[in-house]
Amino acid sequence: QKEVEQNSGPLSVPEGAIASLNCTYSDRGSQSFFWYRQYSGKSPELIMFIYSNGDKEDGRFTAQLNKASQYVSLLIRDSQPSDSATYLCAVRGGTSGTYKYIFGTGTRLKVLA
Amino acid sequence: GAGVSQSPSNKVTEKGKDVELRCDPISGHTALYWYRQSLGQGLEFLIYFQGNSAPDKSGLPSDRFSAERTGGSVSTLTIQRTQQEDSAVYLCASSLVAGETQYFGPGTRLLVL
């Protein structure tokens, strides 16, 4: 079992729709959770992080964390073609060590105009 | 201000040769991370530095890989006796301190023939 799992996609949504990206993790002791966006051929850039159970909103993005079920999700409202990218989930803490980040393989999102 | 820089941007080498990859973090950032990203894969943690010390080297794939950081700034990742499976994009990230937001460099694309 991979430590951080994501559906590779592609996830295709029409412009203006809500895109829902999911991530599960295996280390119950994980403490911090991150979503990165990576455009093709570019480096990852941080979108959001979340530490506590529940929802965290930032503009069109909402991160949701459920530690009991060991999943974290990212919702993108009013999806735009410019949101088309690969979204990487990362987890930090737990048995891997406090400052070591474990990344999933990413979900490719395609927003159709 | 200047972001994280990496050099070279591309490197083609022959199997068995040694290569050095350089990372120059954002000025004042004390933490520095190295990752590897193979085609279509997520980021694989290699090593991180806090200052000049490397508290976690657990991600280095073999003893052919080593890294150092001097003066709390520039870091060099060295791969000895390169193999074809070492071909990947090597990404460096820095943060103010370990655990804070990471900022990624543009990466070094390594191809081992």
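What comes next concerns the included structure. All residue numbers here refer to positions counted from 1 along the written sequence of the relevant chain. The naming scheme follows written order: chains are lettered A onward, ligands numbered 1 onward. Only residues with pLDDT of 70 or above have their local features reported here, since the model is predicted, and side-chain atom pairs are shown and tallied only from 80 upward, although totals for entire chains, interfaces and linings are computed over all residues. For side-chain calculations, the full set of non-hydrogen atoms in the structure is used, while hydrogens and water are omitted.

**Brief notes about the nonpolar core**
Heads up, the condition is: Joining through side-chain atoms within 4.5 Å is the link that ties buried Ala, Val, Leu, Ile, Met, Phe, Trp, Tyr and Cys residues into a set, and such a set is a nonpolar core. Each residue is assigned to one of three classes by its accessible area relative to the maximum for its type, calculated with a 1.4 Å probe on protein chains only: buried under 20%, partly exposed between the two thresholds, exposed over 50%. Numbering of helices and strands runs from the N terminus; a helix is a DSSP stretch of H or I covering at least four residues, while a strand is a stretch of E covering at least two.
Counting 24 residues, the largest nonpolar core has Trp35, Val72, Leu74, Ile76 and Tyr87 of chain A as the members making the most contacts within it. At the level of secondary structure, the elements contributing two or more residues to this core comprise strand 3 (19–25), strand 4 (30–38), strand 5 (45–50), strand 7 (61–66), strand 8 (71–76), strand 9 (85–93) and strand 11 (107–112) of chain A. In this structure, Cys23, Ile47, Ile79 and Cys92 of chain B belong to the second largest nonpolar core, which totals 19 residues.

**Some remarks on the pattern of salt bridges**
Residue and element names in this part refer to chain B. Selection criterion: Here, a salt bridge means any Lys or Arg side-chain nitrogen found within 4 Å of an Asp or Glu carboxyl oxygen.
The full count for this structure, using the stated rule, is 7 salt bridges over all chains. Across the salt bridge formed by aspartate 86 and arginine 64, the nearest N and O atoms sit 2.8 Å from each other. Note that aspartate 86 is positioned in the loop between strand 8 (75–79) and strand 9 (88–95) and arginine 64 in the loop between strand 6 (53–56) and strand 7 (65–69), a separation of 22 residues in sequence.

**With respect to the layout of surface pockets**
Selection rule: A cavity here means a set of points on a 1 Å grid, drawn over the protein atoms and nothing else, where a 1.4 Å probe fits but cannot get out; a pocket is an open set with protein on both sides within 12 Å along at least five of seven lines, and a residue lines either one if it has an atom within 4 Å of a point. Grid points are joined across faces, edges and corners, and a volume is the space filled by probe spheres set on the points. Each residue is assigned to one class: nonpolar for Ala, Val, Leu, Ile, Met, Phe, Trp, Tyr, Cys and Pro, charged for Asp, Glu, Lys and Arg, and polar for all the others, Gly among them.
Taken as a whole, the largest pocket holds about 650 Å³ of empty space. Around the largest pocket sit 32 residues that line it, and Gln38 and Gly41 of chain A together with Gln37, Leu39 and Gly40 of chain B are the ones nearest its centre. Secondary-structure elements contributing two or more residues to the lining of the largest pocket are strand 9 of chain A together with strand 9 and strand 11 (108–112) of chain B. Considering every element that reaches the lining of the largest pocket, the biggest residue donor is strand 11 of chain B, with 4 residues. There is about 240 Å³ of room inside the second largest pocket. Taken together, 15 residues make up the lining of the second largest pocket; nearest its centre are Glu3, Ile102 and Phe103 of chain A together with Leu43 and Glu44 of chain B. Among the secondary structure elements, those contributing two or more residues to the lining of the second largest pocket are strand 10 (101–103) of chain A together with strand 5 (43–50) of chain B. For the lining of the second largest pocket, a count of residues per class yields 6 nonpolar, 5 polar and 4 charged.

**Here's the deal with the sheet that holds strand 3 (residues 19–24) of chain B**
Residue and element names in this part refer to chain B. Filter applied, for reference: For two strands to pair, DSSP has to find at least two bridges joining them. Every axis in this analysis is a line fitted to C-alpha atoms, fitted for helices over the stretch in contact. Angles between the N-to-C directions lie between 0 and 180 degrees.
Pairing is antiparallel across the open sheet formed by 4 strands, whose spatial order is 1-3-8-7. Only two strands of the sheet have a single partner each, and these edge strands are strand 1 (5–7) and strand 7. Going from strand to strand, the sheet's axes swing by 15° on average, the running direction of each strand aside.

**Points about the state of the cysteines**
Spelled out, the test is: Here, a disulfide means two cysteine sulfur atoms that sit within 2.5 Å of each other.
Inspection of the entire model under this criterion finds 2 disulfides over all chains. Each sulfur in the disulfide pair cysteine 23 of chain A and cysteine 89 of chain A lies 2.1 Å from the other. Between cysteine 23 of chain A and cysteine 89 of chain A, the S-S dihedral sits near -70°, and the bridge is therefore left-handed. Within this pair, whereas cysteine 23 of chain A is found in strand 3, its partner cysteine 89 of chain A is found in strand 9, the two being separated by 66 residues in sequence. Between the sulfur atoms of cysteine 23 of chain B and its disulfide partner cysteine 92 of chain B the distance amounts to 1.8 Å. In this structure the cystine formed by cysteine 23 of chain B and cysteine 92 of chain B twists about its S-S bond by roughly -60°; its chirality is therefore left-handed.

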